[in-house]
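# Structural overview for review
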Amino acid sequence: MPVWKALHNGKTHLAVALGIEAVNAGYRVYFTQMDQLMHLFKTETISGRSRRQLRMLYRANLVILDEVGFQPISRQEANLLFSLINRLYQQTSVILTSNKDFEEWGEFLGDPVITAAMLDRLMHKCELFNMTGDSYRLKHRERIFEINDN
């Protein structure tokens, strides 16, 4: 059950493309961004919609978690994320996108023990994509500016 990690350009695009292929092959796929996931966890006890979304996530064959590490998270949120990764470990494929190298995860998770345990589970039986280069969005913007300058 691979974990995919893409850095820099096209990471979400690649994750979504893999998710679409999985859906086309008959798998259940759940896509969420990190901040949306934290919102679901925080509102699970008071929101039926959040509980339903989390049930869908837990039943998925593939979970795509986008923008991991984009914003720092609290210790409580790091614990929730670890609980999710631990629950999915060995039974659900996970795709993560992040602008952070694994060495930087301790900083945004705020706990080196949780970080080590989470990365241990994520790195077991995984494939890594380390994407470098210019941002697709910025490249597209440069072309727009070039057109407007002429």
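None of the values given here were measured: they were computed from a predicted structure.

### Things to note about the nonpolar core
One finds Leu-37, Leu-81, Trp-105, Leu-109 and Met-118 to be the most contacted residues of the largest nonpolar core, which totals 29 residues. Elements with a contribution of two residues or more to this core: helix H2 (34–43), helix H3 (48–59), strand E3 (62–68), helix H4 (75–88), strand E4 (93–98), helix H5 (105–109) and helix H6 (112–123). By residue number, the principal contributor to this core is H4, which donates six residues. If we skip the residues at most four places from it in the chain, Leu-109 touches Ile-73, Ala-78, Leu-81, Thr-115 and Met-118. Counting five residues, the second-largest nonpolar core is a separate cluster that includes Ala-15, Ala-22, Ile-64 and Ile-95.

### Some words on the pattern of salt bridges
Evaluated as defined, the whole model comprises two salt bridges. Note that Lys-42 and Glu-77 form a salt bridge whose closest N and O atoms lie 2.5 Å from each other. Taken as a pair, Lys-42 in helix H2 and Glu-77 in helix H4 lie far apart in primary sequence, 35 residues in all. The partner of Arg-75 in a salt bridge is Asp-111, and the shortest N-O contact between them spans 2.6 Å. With Arg-75 in helix H4 and Asp-111 in the loop between H5 and H6, this pair connects stretches of sequence that are 36 residues apart. Residue Asp-111 is classed as buried on the basis of its relative accessible area of 12%.

### Focus: the pairing of E4
For E4, the buried fraction is high: six of the six residues fall into the buried class. Residues Ser-93, Ile-95 and Thr-97 line one face of E4 and the alternating positions Val-94, Leu-96 and Ser-98 line the opposite face, and both faces are buried. Sheet topology places E3 next to E4; five bridges connect them, and they run parallel. Each residue of the ladder has a partner; that of Leu-62, found in E4, is Ser-93. This β-α-β element, E3 to H4 to E4, shows right-handed connectivity.

Criteria and thresholds
Residues numbered from 1 in each chain as written. Predicted model: local features only at pLDDT ≥ 70, side-chain atom pairs only at ≥ 80, totals over all residues. Heavy atoms only, no water. Core = buried A, V, L, I, M, F, W, Y, C linked by side-chain atoms within 4.5 Å. Buried < 20%, exposed > 50% of the residue type's maximum accessible area, 1.4 Å probe, protein only. Helix = DSSP H or I, 4+ residues; strand = E, 2+ residues; numbered from the N terminus. Contact = heavy atoms within 4.5 Å. Salt bridge = Lys/Arg side-chain N within 4 Å of Asp/Glu carboxyl O. Pairing = 2+ DSSP bridges. Right-handed = clockwise from strand over helix to strand, strands pointing away.

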